[in-house]
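Fold and contact review
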Amino acid sequence: MIPYGRQSIDQQDIDAVVEVLQSDFLTQGPAVPRFEAAIAELCGAEHVVAVNSATSALHVACLALDVKPGDSVWTSPISFVASANCARYCGGVVDFVDISTTTLNMCTERLADKLKDAAVRGKLPKVVIPVHFAGQPCDMREVFELSLKYEFRVIEDASHAIGATYQDTRIGDCRYSDITVFSFHPVKIITTGEGGAACTQSADLARKMQLLRTHGITRDPSELCTDKGEGWYYEQHMLGFNYRMTDIQAALGASQIRHIHRWLTRRHEISDQYDTAFSDSSLITPTRLTDRYSALHLYCVQVPGERRRVFDTLRQAGIAVNVHYIPIHLQPDFVEFGRRRGDYPNAEKYYENAISLPMYPQLTAPQQDFVVKTLLASM
Ligand SMILES: *Cc1c(COP(=O)(O)O)cnc(C)c1O
C-alpha cells in the first residue's frame, strides 16, 4: 500500500530516542528545551513552547490570548477540526471565512468584507486563525493589516507548514501573528510521534503557554506570591493542563529537524513531477505562488465531477489517497454554530472534487509513476 503521507525515520533518529531511554529523564529533562531551541533557530522564532500535540498548542494559544466564553474565533472551513475546536475548549463561538479558490487558504478579501460587516454589528472576532493549507502560507500581510484595523489577535495554524517561507519571513517567526502553531504528527513534515509547538515573539504569551502546559504551576522565585525559600515549594497560578512533550519525543524531533531542508526539496521534486504529469489533463493542480515557499505537506488535486470514482479506483489499486478536508462547518457537531450547506461555496466546491495524492520524502519514482498512471487511467 502507498499511503498519502508518512514519516521517515533513520538510524540516527532511533539512536537519539534510545539515548533518552538510557538517560535519567524520560520527561522534564534537557531534550525538550534543546528541541525548542532547534525550532527557534529553524524558524527565527523568539520563544518556542513544545507541547504534546498541535491541538494542545492551539488550546493554550487561545487561552494565552484570553479567549473566553462567548468570544468569537474565525478560521478556515477547509482545515482539520482542531483549528476550530481550540476556540470551543475555551467556550468560544466558532465562525468561518470562505477559502480562496486559488490558494485554498482563508480568502483575505472575504475576511475584509466579513470584518466590515461584523464591525457594524459589533460582532468582531477576538482571534482569527488562518491555516497554511497543504503547507502553502496564507496571505499573512493582509491578515496582519486587518488585525491592526479591527484589533483582533492572530494564531497561524502552521501544522502543515514548518520550514515554509512567506515573502521575507519564515513561518514561525510570527512577523504577522501573535502565535504560530506546528504539528509533529507522523504525517506532517517532521514528527515526534505525537507533538506540537507554539512560537511567539512575546515573552508574556510564551510564559503563559509554558504555565498552561504544566498545570499552571510555577516554582520560579520571582513569580511566587509567598517565597520562604522552601526548596519543595510551588504555586498554582492558573488552571493548566498536563500538555507536556516527553524527552523521548523531543529527542526524536531534534533529530528529525536535521533533515528538514532536504525533505522539503524532495517534496518540491515530487510536486514538480505531478504538475508535469497532469499538465494536459483536466485535473486542477495546486497553485504556485512566487512570493512564498510551500512546505508541501499535501499534494491535493481537484478531479471535477469524478472524485468518487477516481478515489475508489486508486484505493483499490493500493494507493491510500485521502480527502483534506470535509468542511468543518458541515460536521454534525458544529451545527450549533448555525452554519449550513451553501454558506461557504468555495470550500464546499473544493471539497466535492478534492483528492490528496501520496506526498512524502521517501515516495519512490516508480511508486509515483504508478500513482500517476493509475490516476490518469481512471479518469
Ligand atoms: C494535524 C493538524 C492539527 C492537529 O495536530 P495534532 O498534532 O494531531 O494535534 C491541527 N490543525 C491542522 C491544520 C492539522 O493538519
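Our subject is the structure that appears above.
Residues numbered from 1 in each chain as written. Predicted model: local features only at pLDDT ≥ 70, side-chain atom pairs only at ≥ 80, totals over all residues. Heavy atoms only, no water.

1. Some points on empty space enclosed by the protein
Vacant regions in the atomic arrangement are exposed by a probe of water-molecule size rolled over the atoms. Which entries qualify depends on this criterion: Any residue with an atom within 4 Å of a point lines the site, the site being either a cavity, points on a 1 Å grid over the protein atoms alone where a 1.4 Å probe fits but cannot get out, or a pocket, an open set with protein on both sides within 12 Å along at least 5 of 7 lines. Grid points are joined across faces, edges and corners, and a volume is the space filled by probe spheres set on the points. Each residue is assigned to one class: nonpolar for Ala, Val, Leu, Ile, Met, Phe, Trp, Tyr, Cys and Pro, charged for Asp, Glu, Lys and Arg, and polar for all the others, Gly among them.
For the structure on display, the rule yields 2 cavities of 30 Å³ or more. Counted as a void, the largest cavity has a volume near 60 Å³. Looking at the largest cavity, the residues that line it are Arg-6, Gln-7, Ser-8, Pro-186, Lys-188, Ile-189, Ile-190, Thr-191, Gln-256, Trp-263, Arg-267 and Pro-361. Counted by class, the lining of the largest cavity contains 5 nonpolar, 4 polar and 3 charged residues. Quantified by volume, the second largest cavity comes out at close to 40 Å³. Looking at the second largest cavity, the residues that line it are Met-140, Glu-156, Tyr-166, Thr-169, Arg-170, Ile-171, Gly-172, Asp-173, Cys-174, Arg-175 and Tyr-176. Residue classes in the lining of the second largest cavity are distributed as 5 nonpolar, 2 polar and 4 charged.

2. A word on a negative patch on the surface
How we decide: Patch members must show over 30% relative accessible area and no salt bridge, and they are joined within 9 Å when carrying like charges or within 5 Å when they are nonpolar side chains of Val, Leu, Ile, Met, Phe, Trp or Tyr. Only the protein chains shown count as cover for residues, and all accessible areas are computed by the Shrake-Rupley method using a 1.4 Å probe. For this document, the term salt bridge refers to a Lys or Arg side-chain nitrogen within 4 Å of an Asp or Glu carboxyl oxygen. This count recognises Lys and Arg as positive and Asp and Glu as negative, with His and chain-terminal groups excluded. For the purpose of locating charges, the reference atoms are NZ of Lys, CZ of Arg, CG of Asp and CD of Glu. Helix and strand definitions here come from DSSP, where helices need a minimum of 4 consecutive H or I residues and strands a minimum of 2 consecutive E residues; each element is numbered from the N-terminal end.
Together, Glu-109, Asp-113, Glu-142 and Glu-145 make up a negatively charged patch on the protein surface. With respect to the element layout, Glu-145 can be found in helix H6 (residues 140-150).

3. Section: the pairing of strand S9 (residues 179-183)
Let me state the cut-off plainly: Each residue gets one of three labels from its accessible area relative to the maximum for its type: buried under 20%, exposed over 50%, partly exposed in between, using a 1.4 Å probe on protein chains only. Two strands qualify as a pair provided that DSSP identifies no fewer than 2 bridges between them.
Along S9, 5 of the 5 residues are buried, which leaves the element largely enclosed by surrounding structure. Judged by which residues are buried, S9 turns out to be covered on both faces: Ile-179, Val-181 and Ser-183 on one side and Thr-180 and Phe-182 on the other are all buried. As paired elements, S9 and strand S10 (residues 196-200) share 5 bridges and run antiparallel to each other. The residue bridging Ser-183 from the neighbouring strand is Gly-196, located in S10.

4. Side note on the layout of surface pockets
Put simply, the largest pocket is a space of about 370 Å³. In this structure, the largest pocket is lined by 24 residues; those nearest its centre are Phe-80, Ser-183, His-185, Lys-188 and Tyr-325. For the lining of the largest pocket, the leading source of residues is helix H3 (residues 54-64), giving 3 residues. Its residues assigned to classes, the lining of the largest pocket shows 9 nonpolar, 12 polar and 3 charged.

5. As for the site of the ligand
Under the convention used in this document: Being near a molecule or strand, for a residue, means having at least one of its heavy atoms within 4 Å of it. A 3.5 Å cut-off defines polar contacts: any pair of N or O atoms within that distance qualifies, except that in protein one atom must be a possible hydrogen donor and the other a possible acceptor, and neighbouring residues in sequence count only when both atoms are side-chain atoms.
The local shell around the ligand holds 15 residues, among which Thr-55, Asp-157, His-160, Ser-183 and Lys-188 are the closest. Between an oxygen atom of the ligand and a side-chain N or O atom of His-160, the distance comes to 2.6 Å. Here Ser-183 contributes a side-chain N or O atom positioned 2.8 Å from an oxygen atom of the ligand. If the ligand stood free it would expose 380 Å²; the protein chains cover 93% of that surface. Going through the elements one at a time, H3 and helix H4 (82-89) are the ones with two or more residues in the shell around the ligand. Here the residues of the shell around the ligand sort into 5 nonpolar, 8 polar and 2 charged.

6. Some words on the sheet that holds strand S8 (residues 169-170)
Reading across the sheet, the 3 strands line up as S8-S7-S13 and stay open at both edges, with antiparallel pairing between neighbours. The open sheet terminates on both sides in strands that have one partner only, identified here as S8 and strand S13 (292-293). For strand S7 (residues 165-166) and S13, the ladder comprises 2 bridges, and the chain directions are antiparallel. Paired with Thr-165 across the two strands is Tyr-293, which belongs to S13.

7. Description of the packing of aromatic side chains
Applicable threshold: Pairing of aromatic side chains requires ring centres within 6.5 Å, counting the rings of Phe and Tyr and the six-membered ring of Trp. Pairs whose planes differ by under 30 degrees are stacked, by over 60 edge-to-face, and all others tilted.
Counted under the stated rule, the structure contains 12 aromatic pairs. Aromatic pair Phe-80 and Tyr-325: ring centres 6.4 Å apart, planes at 45°, arrangement tilted. Of this pair, Phe-80 sits in the loop between strand S3 (72-75) and H4 while Tyr-325 sits in the loop between strand S15 (319-320) and helix H11 (345-353), and the two are 245 residues apart along the sequence. Given a relative accessible area of 46%, Phe-80 falls into the partly exposed group.

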